[in-house]
Every structure is written in C-alpha cells, then in structure tokens.
Amino acid sequence: MPIQNNDFKKKILQRILKSKKYKYIHPPTIERILDSLSTKYEKKTLEKEAKRKLHQIWGAYFSRPNFSKLLSKIKSEYQSGKSREVILRELLMLQTSTKERLPIFEEYYEQIFNITDIPESITEYGCGINALSYRWINHDISYTGFDVDSELIHFINSIFKLFDQNESAKAKLGDVFLFEEFRPADVCLLLKVLVLFDRQKNDSSLDIMKAIPAKFLVVSFPTKSLGGVDKGMEENYRKMFYGLISGLPWNVSEVIFENELVFVVEK
Ligand SMILES: C[S@@+](CC[C@H](N)C(=O)[O-])C[C@H]1O[C@@H](n2cnc3c(N)ncnc32)[C@H](O)[C@@H]1O
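Residues numbered from 1 in each chain as written. Predicted model: local features only at pLDDT ≥ 70, side-chain atom pairs only at ≥ 80, totals over all residues.

**Section: the sheet that holds strand β1 (residues 121-125)**
Strands in a sheet are paired, the pairing made by backbone hydrogen bonds, and the direction either parallel or antiparallel.
Phase 1: On the basis of which strands lie adjacent, the open sheet formed by 7 strands has the order β3-β2-β1-β4-β5-β7-β6 and mixed pairing. Of all the strands in the sheet, just β3 (169-173) and β6 (251-256) have a single pairing partner and so form its edges. The sheet shows a mean angle of 20° between the axes of neighbouring strands, taken without regard to direction.
Phase 2: Across the sheet, helix α7 (residues 105-116) touches β4 (185-191), β5 (214-222), β6 and β7 (260-266), and the angle it forms with β7 is around 20°.
Phase 3: The strands touched by helix α12 (residues 233-244) are β5 and β7; relative to β7, the strand with the most contacts, the crossing angle is about 20°. (Pairing = 2+ DSSP bridges. Helix = DSSP H or I, 4+ residues; strand = E, 2+ residues; numbered from the N terminus. Axes fitted to C-alpha atoms, helices over the stretch in contact; angles between N-to-C directions. Contact = placed C-beta atoms within 7 Å.)

Pasting the structure below:
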C-alpha cells in the first residue's frame with residue numbers, strides 16, 4: 001500500500017538529514033526521492049530504499065573529505081604562497097571524473113570551444129567538484145554550476161572567493177528535477193550525469209535536455225568503469241545517446257578522450 005502519511009515521511013527525512021553520509025543533500029531532493037519511493041514501498045522498507053537510492057546518486061563517486069578543515073588548510077597554504085593552480089589541481093583529484101580530466105583540462109575545454117566558439121555564459125548541472133575546473137574554462141566567461149550537495153556548494157564558492165573568481169563564477173544549490181525554469185546559457189555542461197538523472201526518474205534525461213535553454217549542450221559519458229575496465233562502454237553509450245535524441249533536429253559532434261565520450265549538441 002502506498003504511504004500517504006506525511007508525518008511518517010518527515011520523520012524519515014529528519015533521520016536521513018542527521019546521518020553522517022547524507023546530511024548535506026538538499027532536503028527537497030530527499031523529500032522528492034521519498035515521495036517517489038513511497039508509492040512503491042511499504043513503511044518498513046522506505047528508509048532503507050531511500051538510502052539505497054541516495055547511495056546511487058553519489059555514494060560511489062566521492063570519498064568525502066572534511067570540507068571545513070580542508071578550507072582552513074587551503075587558506076593558510078595560499079597565504080603562505082602556494083599557487084592557485086597547485087591548490088586547484090589537488091582539489092580536482094578528489095573526484096574520479098575530475099582526476100581523470102586533470103592532465104587534459106586545457107585540451108578538454110579547447111576542443112569543446114572549437115565547436116561552440118568561446119561562450120559568454122556556461123551553466124553546469126550536477127557540477128560536483130568540476131566547478132573548480134573554471135580556472136581552465138576562462139575567466140571572462142560567466143559560469144554557474146548547480147548541485148544538490150550543500151556542503152560542496154559552500155566549499156566551491158569559498159574557493160571562488162578566495163581566488164577572486166566569485167564575480168564571474170558561482171555554484172548554487174539546485175536539483176534538476178525541482179527547477180521551475182532552467183537558467184539560459186550559451187553552453188550547458190551535463191558531464192557524466194544523464195545516467196544518474198535517469199536513475200532518479202525513469203527516462204527523464206531527454207526532457208531535461210529539451211528543457212535547458214542553451215545553444216549547446218555538452219553531454220558526456222564515462223568510457224571506463226570506476227574500476228578502470230573498458231566493457232564496450234563507449235559503443236553502448238553512443239548507441240544509447242543517438243537512440244535517445246533520434247528524430248530531434250539537433251547537430252551532434254563527438255569529442256573522444258581517453259576516459260570520456262563527449263557529445264557537443266547544437267540545439
Ligand atoms: C558523477 S558526479 C559528476 C560530477 C561532474 N559532472 C563531473 O563529471 O565531474 C554527479 C554529480 O551530480 C550531482 N547530482 C545528482 N543528482 C542531481 C540532481 N538531481 N540535481 C543536481 N545535481 C545532482 C551529485 O551531487 C554529484 O555531484
């Protein structure tokens with residue numbers, strides 16, 4: 001029987017928000033997940049299923065540092081003369097996808113902008129720590145990254161401020177399923193997030209891509225699993241992506257990196 005009892009859901013929400021692992025997730029995101037699962041699961045299993053879903057969203061991608069300690073350490077290192085670039089490189093090592101891009105960030109954005117031209121504005125949804133690759137994007141471009149991780153958003157903005165980038169670069173708390181409207185931009189980055197969005201809501205990624213008001217969408221997929229094994233992922237994601245957008249009048253270019261397949265879509 002679907003769970004209608006809101007007090008019961010609120011109690012679960014409070015418990016999840018107290019848990020070490022999930023306390024920084026945007027509460028409306030947890031509420032949304034509880035609502036979607038409560039039509040399928042009984043009271044007994046709802047909390048466990050919600051945590052399982054939350055783990056799928058990002059448990060696997062991130063060994064979480066203590067962000068407030070890390071920020072104090074960075075501030076003192078920066079004051080003692082450590083360069084921005086070295087600090088950013090160390091931070092980008094924190095997540096697997098940014099760690100993989102680290103040796104190629106310059107080339108990564110250069111190849112994308114060869115197709116899109118240098119944009120004036122960029123948005124990024126599910127940005128994670130990739131927001132800190134702004135240094136390699138270009139300082140004149142206005143950048144807004146959105147994510148559901150409140151602590152990460154705060155940390156990224158503190159780094160933008162420390163490095164005087166906060167006029168043009170910002171991170172904001174935002175769930176792609178809860179926007180009334182997406183922010184317009186020349187280029188929108190959706191890096192390694194489509195599968196995650198579909199896992200949260202079946203077949204949602206095409207609707208999200210259609211709804212985003214950007215001239216170009218940059219959509220990427222991993223071509224190696226987290227364990228580093230290539231299981232024909234490139235070909236599978238290519239088939240999946242062209243199937244997804246078939247029939248739409250979108251121009252697609254591909255950029256292929258060692259660990260990532262990137263589609264640049266002109267809408
Ligand atoms: C696999 S990481 C990818 C990070 C980044 N795009 C990259 O490729 O380096 C996925 C990110 O999406 C965020 N995320 C998951 N679901 C989201 C949602 N519904 N709305 C916004 N962000 C979301 C997670 O918090 C996480 O930071």
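**A look at the site of the ligand**
Phase 1: Close contacts around the ligand come from 23 residues, with Ser97, Gly126, Gly128, Asn130 and Leu191 the closest.
Phase 2: Considering only residue class, the shell around the ligand consists of 12 nonpolar, 7 polar and 4 charged. (Near = placed C-beta within 6 Å. Nonpolar A, V, L, I, M, F, W, Y, C, P; charged D, E, K, R; others polar.)

**Topic: the environment of Arg32**
Phase 1: Examined against the element boundaries, Arg32 turns out to sit in helix α2 (residues 27-38).
Phase 2: In this structure Arg32 comes out as partly exposed when scored by C-beta crowding, with 17 C-beta atoms within 10 Å.
Phase 3: Excluding residues that lie within four positions of it along the chain, Arg32 makes contacts with Asp175, Phe177 and Leu178. (Buried ≥ 20, exposed ≤ 12 C-beta atoms within 10 Å, placed from the backbone.)

**Section: the nonpolar core**
Phase 1: In terms of nonpolar packing, the biggest core is built from 51 residues, with Ile156, Cys188, Leu190, Leu217 and Val218 touching the most fellow members.
Phase 2: Ile12, Ile33, Leu34 and Leu54 belong to the second-largest nonpolar core, a separate cluster that totals 11 residues. (Core = buried A, V, L, I, M, F, W, Y, C linked by C-beta atoms within 7 Å.)

**Focus on the packing of helix α1 (residues 6-18) against α2**
Phase 1: Axis separation between α1 and α2 bottoms out at 10 Å; the angle between their running directions is 135°. As far as their axial angle goes, α2 and α1 are oblique. Our pair here, α1 against α2, has a crossing hand that is right-handed. Contacts between α1 and α2 involve Lys9, Ile12, Leu13, Ile16 and Leu17 from the former and Pro27, Ile30, Glu31, Leu34 and Ser38 from the latter.
Phase 2: Here the contact of α1 with α2 is built from residues that sort into 7 nonpolar, 1 polar and 2 charged. (Parallel < 35°, antiparallel > 145°, perpendicular 65-115°, else oblique. Left-handed = near helix turned anticlockwise from the far one by under 90°.)

**Looking at the domain arrangement of the protein chain**
Phase 1: Annotation of the protein chain at the domain level lists domain 1 (6-59) and domain 2 (67-266).
Phase 2: The straight-line distance from the C-alpha centre of domain 1 to that of domain 2 is 26 Å.
Phase 3: Tallying the contact residues gives 8 residues for domain 1 and 11 residues for domain 2.
Phase 4: Of all the secondary structure elements, the ones that give two or more residues to the side of domain 1 that touches domain 2 are α2 and α3 (43-59).
Phase 5: When residues in the side of domain 1 that touches domain 2 are grouped by element, the largest group, 3 residues, is from α2.
Phase 6: Partitioning the side of domain 1 that touches domain 2 into residue classes produces 4 nonpolar, 3 polar and 1 charged. (Domains from an automatic or database assignment.)

**Here's the deal with the packing of helix α4 (residues 67-79) against helix α9 (residues 150-162)**
Phase 1: Running from amino to carboxyl end, α4 crosses α9 at an angle of 10°, the nearest separation of the two axes being 10 Å. Classified by the angle their axes make, α4 and α9 are roughly parallel. Contacts from Phe67, Leu71, Lys75 and Tyr78 in α4 reach Glu151, Phe155, Ser158 and Leu162 in α9.
Phase 2: Among the residues forming the contact of α4 with α9, the class breakdown is 5 nonpolar, 1 polar and 2 charged.

**Points about the environment of Phe163**
Phase 1: Position of Phe163 among the secondary structure elements: in the loop between α9 and β3.
Phase 2: C-alpha separation for the pair Phe163 and Arg135, spaced 28 residues apart in sequence, amounts to 9.8 Å.

**Thoughts on the pairing of β1**
Phase 1: Of all the 5 residues making up β1, 4 are buried; the element is thus mostly covered by neighbouring parts of the structure.
Phase 2: Direction of pairing for β1 relative to β4: parallel, over a ladder of 3 bridges. Following the sheet pairing, Thr123 is matched in β4 by Cys188.

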